[in-house]
Amino acid sequence: MLFRSQMARNLAKEVWKAGKAAASGLPEIVSTEIGLERLTICESCDNLDKESYRCSSCGCFMKTKTQLATASCPIGKWNAVV
């Protein structure tokens, strides 16, 4: 599992990317279909802690991260849409 400081940096990075996209007029959130598709991919991944829905690669809560348009999987299983 990642250290809390690294998880905080990862969260800050995701928030920064989402804010930057919003300021540019780009979408912040993906469609329901894309969000569910991403979460389904995460659910089949060995890096997902199924109890907390947290990724052991990035430390993010995947029920939230999969909804962000600027977010991507840290091991390349799904990409940002903006």
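Every chain's residues receive numbers from 1 upward, in the order its sequence appears when written. Local features in this predicted model are restricted to residues whose pLDDT is 70 or higher, and side-chain atom pairs enter the listing and the counts only when it is 80 or higher, whereas totals over whole chains, interfaces and linings include all residues. Side-chain measures here rest on the full set of heavy atoms in the structure, leaving out hydrogens and waters.

Attention now moves to a nonpolar patch on the surface. A contiguous nonpolar surface patch, about 300 Å² in accessible area, is contributed by Leu26, Ile34, Val81 and Val82. With respect to the helices and strands, the residue Ile34 is situated in helix α2 (residues 32–43). Exposure categories follow from relative accessible area, calculated using a 1.4 Å probe and restricted to protein chains: below 20% of the type maximum is buried, above 50% is exposed, and the middle band is partly exposed. Take Ile34: its relative accessible area is 33%, and that puts it in the partly exposed class. Candidates for patches are residues over 30% relative accessible area with no salt bridge; among them, like charges are joined within 9 Å and nonpolar side chains (Val, Leu, Ile, Met, Phe, Trp, Tyr) within 5 Å. Note on areas: these come from Shrake-Rupley sampling with a 1.4 Å probe, and a residue is covered only by the protein chains present in the view. The salt bridge definition used is simple: a Lys or Arg side-chain nitrogen within 4 Å of an Asp or Glu carboxyl oxygen. The helix count covers DSSP runs of H or I at least four residues long, the strand count covers runs of E at least two residues long, and both are numbered beginning at the N terminus.

This brings us to the environment of Gln6. Tracing the chain through its elements places Gln6 in helix α1 (residues 4–23). On the basis of relative accessible area, Gln6 is assigned to the partly exposed category, the value being 28%. For Gln6 and Val30, which are 24 residues apart along the polypeptide, the C-alpha to C-alpha distance reads 25 Å. A 3.5 Å cut-off defines polar contacts: any pair of N or O atoms within that distance qualifies, except that in protein one atom must be a possible hydrogen donor and the other a possible acceptor, and neighbouring residues in sequence count only when both atoms are side-chain atoms. A distance of 2.8 Å separates the side chain of Gln6 from the side chain of Arg9, its partner in a polar contact.

So, about α2. With 12 residues, α2 extends 16 Å between its outermost C-alpha atoms, agreeing within 8% with the 16 Å of an ideal straight helix rising 1.5 Å per residue. By definition in these notes, contact holds between two residues if any of their heavy atoms fall within 4.5 Å. Turning to α2, the residues buried within the fold contact β1 (48–49) and α3 (62–65). To estimate how far a helix should reach, multiply one less than its number of residues by 1.5 Å.

Interpretation note: all reported values are geometric properties and have no functional meaning in isolation.
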